[in-house]
Amino acid sequence: MARIIVVTSGKGGVGKTTSSAAIGLGLALKGHKVVLIDFDIGLRNLDLIMGCERRVVYDFVNVINGEATLNQALIKDKRVSSLSILPASQTRDKDALNKESVGKVLEELGKTFDFIVCDSPAGIEAGAMMALYYADEAIVTTNPEVSSVRDSDRILGMLASRSRRAELNLEPIKEHLLLTRYSPKRVEEGEMLSVEDVKDILSIPLLGVIPESQAVLKASNAGEPVILDTESDAGQAYQDVIDRLLGETVEFRFLVAEKKGIFSRMFGG
Amino acid sequence: MADASIEFKGSSFTLSVLHLKSSELADIRADLTKKVAQAPDFFYLVPVVVNIEQLSCSIDYQAVKALIEEFNFTFVGFTGAVTKEQRFHIRELGFSFVNTAKANVPPKSTIAPKSEVKETAIEAPKVVEHLYTDKVHRGQIRSGQQIYAKDQNLVIIGSVSAGAEVIADGNIHVYGSLRGRAIAGAKGHHKAQIYCQNLEAELVSINGNYWLSESMEEHWGSPAFIHLTDTELTSSKLI
Ligand SMILES: Nc1ncnc2c1ncn2[C@@H]1O[C@H](COP(=O)(O)OP(=O)(O)OP(=O)(O)O)[C@@H](O)[C@H]1O
Ligand SMILES: [Mg+2]
């Protein structure tokens, strides 16, 4: 059975799309059949990060409205054949999706794919609720700052009360904490919450810590998810996330600030 | 005659009394809105008796009750020195008329006509000793969530997040951190208490007396319980 994973946050701009792209591609690189769905109707971001924006013909809303078949709308990734993307529509509004049709699409996708990764829009309105409704697992993407943590907490409440699993009294959604844009230096300087602070407040298992990294912006601009940048810290941190999602125990990295080398210390760099 | 399962006893309670000075519902609504906006949680489910003594003309009692409930108060009844007819009318509408302790004292000669109306003590709000059962919640109460233990104590096995609210008519026990709001004795219970393993609350309230975070300094970040002495909130070390 396919694992339906929603990447959600409440707060906007914390790294949901960046993470969805990296995780989707990372799982596919491990040989799994993965489909990435962009639930951020009206914005269309995921296809840009994935570098397939020029190949969008039909979108999620077309499929929902019966204007295109799933096969017509799915875009096969050029790098990894086991990865497909279902892009969002840029022209429709947020309310274009409805529970029943989304359910049908997910059911259909579940027949072919091992993982369905849903990139949620920000907020706690209908669009975000739709993205999390059918989820089996949730990757709660959080930046180490108070407002982001608060919103993640809010979303965790929604996962526990407004999802299909909650409504049908099934086993609850499996929750994962993904801390992104983590800057150990700023934590040490007391400007940001630490991993421990966030874990203490949200009390859900930690899936990964992605450091604040130049590599992310570079990757987005190139349309190459950062997990492909195996030299970069962020790329490696996402790789660890994949291993943990697949059941391995991997030690957490990039949690402490790099000590400055002797030269930069001497020359005040 | 001894009654096995129940017993009626008179008890006196501190209740909030809302004195109406105008019969204009719109004015009352406007003023209530302002008042409640200052401390919404403080007023939540607080029992209220409406005093109509100062009104110069009649008022729509049903509309008053509806208005009170619209603001999430618990409507108890009407009170005030009013005419026999008014009382009769109020009771006919199915509302209780609450006598103040003073009114139960044998009336002095100046208000002689009243002595005819012999109200029994039964009419005062009568609450039996608090013997609450527990409502147990497993798991964290998240920001934006609210849980209310009506006529019960509330036991939470988990933390209460900032932005969450837990309310009980009895006591509140949090086996975890209390970072949100906790309102105990919500319907008016002076002896209600709040216990938690880590006090970092946004607000605690017992029987309508409340504290914001800044008043919790003494036991901030440690296991504590909050209770009322007369009318003052007090916090004490739990362990
Ligand atoms: N680890 C990181 N290091 C540096 N920048 C990052 C990191 N993760 C994300 N960003 C940047 O943060 C911005 C927001 O990222 P992204 O679009 O993935 O967030 P989002 O949660 O999907 O936003 P929205 O809520 O608008 O959908 C982007 O500019 C991205 O490049
Ligand atoms: Mg996004």
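Bear in mind the structure is a predicted one, so any value in this text is a computation, not a measurement. (Residues numbered from 1 in each chain as written. Chains lettered and ligands numbered in written order. Predicted model: local features only at pLDDT ≥ 70, side-chain atom pairs only at ≥ 80, totals over all residues. Heavy atoms only, no water.)

## Notes on the sheet that holds strand 1 (residues 16-19) of chain B
Residues and elements named next belong to chain B.
1) Next: Spatial strand order, 1-2-3: 3 strands in an open sheet with parallel pairing. Every other strand in the sheet has two partners, leaving strand 1 and strand 3 (74-79) as the edge strands with one partner each. Strand after strand, the sheet turns through a mean of 30 degrees between neighbouring axes, direction not considered. (Pairing = 2+ DSSP bridges. Helix = DSSP H or I, 4+ residues; strand = E, 2+ residues; numbered from the N terminus. Axes fitted to C-alpha atoms, helices over the stretch in contact; angles between N-to-C directions.)

## Some points on the sheet that holds strand 4 (residues 133-138) of chain B
All names here are of chain B.
1) Next: If you walk across this open sheet you meet the 6 strands as 4-6-8-10-13-14, and the pairing is mixed. Strands with a single pairing partner mark the edges of an open sheet, and in this sheet they are strand 4 and strand 14 (232-237). Within the sheet, the average angular offset between the axes of one strand and its neighbour, ignoring direction, is 25 degrees.
2) Next: Direction of pairing for strand 6 (residues 152-157) relative to strand 8 (residues 172-178): parallel, over a ladder of 4 bridges. Note that in strand 8 the partner of Leu154 across the bridge is Ile172.

## Overview of the site of ligand 1
All names here are of chain A.
1) Next: Around ligand 1, the surrounding shell holds 16 residues, and the nearest of these are Gly13, Lys16, Thr17, Thr18 and Ser213.
2) Next: In this structure, Arg181 approaches ligand 1 through a side-chain N or O atom, which is 2.9 Å from an oxygen atom.
3) Next: Between a nitrogen atom of ligand 1 and a main-chain N or O atom of Pro211, the distance comes to 3.0 Å.
4) Next: Taking 630 Å² as the accessible area of ligand 1 by itself, protein coverage stands at 81%.
5) Next: When contributions to the shell around ligand 1 are tallied by element, the ones reaching two or more residues are helix 1 (16-29), strand 8 (206-211) and helix 11 (214-222).
6) Next: Take the shell around ligand 1: its biggest share by element is 3 residues, from helix 1.
7) Next: Partitioning the shell around ligand 1 into residue classes produces 5 nonpolar, 7 polar and 4 charged. (Near = heavy atom within 4 Å. Polar contact = N/O pair within 3.5 Å; in protein donor to acceptor, adjacent residues only side chain to side chain. Areas by Shrake-Rupley, 256 points an atom, 1.4 Å probe, with all protein chains shown as cover. Nonpolar A, V, L, I, M, F, W, Y, C, P; charged D, E, K, R; others polar.)

## Some remarks on the nonpolar core
Residue and element names in this part refer to chain A.
1) Next: Among the nonpolar cores identified, the biggest contains 51 residues, and Phe60, Leu86 and Leu109 are the most heavily contacted of them.
2) Next: Not counting residues up to four positions away in its chain, the partners in contact with Leu86 are Val35, Leu36, Ile37, Asp38, Asp59, Phe60, Val63, Leu70, Ala73, Leu74, Val105 and Leu109.
3) Next: Formed by 36 residues, the second largest nonpolar core is a distinct cluster that contains Ala21, Ile23, Ile85 and Leu245. (Core = buried A, V, L, I, M, F, W, Y, C linked by side-chain atoms within 4.5 Å. Buried < 20%, exposed > 50% of the residue type's maximum accessible area, 1.4 Å probe, protein only. Contact = heavy atoms within 4.5 Å.)

## As for the interface of chain A and chain B
1) Next: Each partner contributes to the interface: chain A provides 11 residues, whereas chain B provides 10 residues.
2) Next: Considering only the side of chain A, the residues that lose the most area to chain B are Arg150(A), Asp153(A) and Arg154(A), jointly responsible for 51% of the buried surface there.
3) Next: In this structure, the connection of chain A to chain B is made through 3 salt bridges.
4) Next: One salt bridge connects Arg142(B) with Asp153(A), and the closest N-O pair in it is separated by 3.0 Å.
5) Next: In this assembly, chain A and chain B are joined by 8 residue pairs in polar contact (both at pLDDT 80 or more).
6) Next: Counting only elements with at least two residues in the side of chain A that touches chain B, the list comes to helix 7 (146-161) and helix 10 (195-202) of chain A.
7) Next: When residues in the side of chain A that touches chain B are grouped by element, the largest group, 6 residues, is from helix 7 of chain A.
8) Next: Among the residues forming the side of chain A that touches chain B, the class breakdown is 4 nonpolar, 3 polar and 4 charged. (Buried area = accessible area lost by both parts, 1.4 Å probe. Salt bridge = Lys/Arg side-chain N within 4 Å of Asp/Glu carboxyl O.)

## Section: helix 10 of chain A
All names here are of chain A.
1) Next: When helix 10 is considered as a whole, its buried residues turn out to be Val195, Val198 and Leu202. On an axial view of helix 10, the arc spanned by its buried residues comes to 70 degrees, and they lie on one face.
2) Next: Next to the buried residues of helix 10 lie strand 6 (137-142), helix 7, strand 7 (174-182) and strand 8.
3) Next: Just past helix 10, the residue Ser203 takes up positive phi, approximately 40 degrees. (Arc of directions from axis to C-beta.)

## Points about the state of the cysteines
Residue and element names in this part refer to chain A.
1) Next: Under the definition given, this model contains 0 disulfides over all chains.
2) Next: Free cysteine: Cys52, not disulfide-bonded; nearest cysteine sulfur from Cys118 at 16 Å.
3) Next: By relative accessible area, Cys118 is classed as buried at 1%. (Disulfide = S-S within 2.5 Å.)

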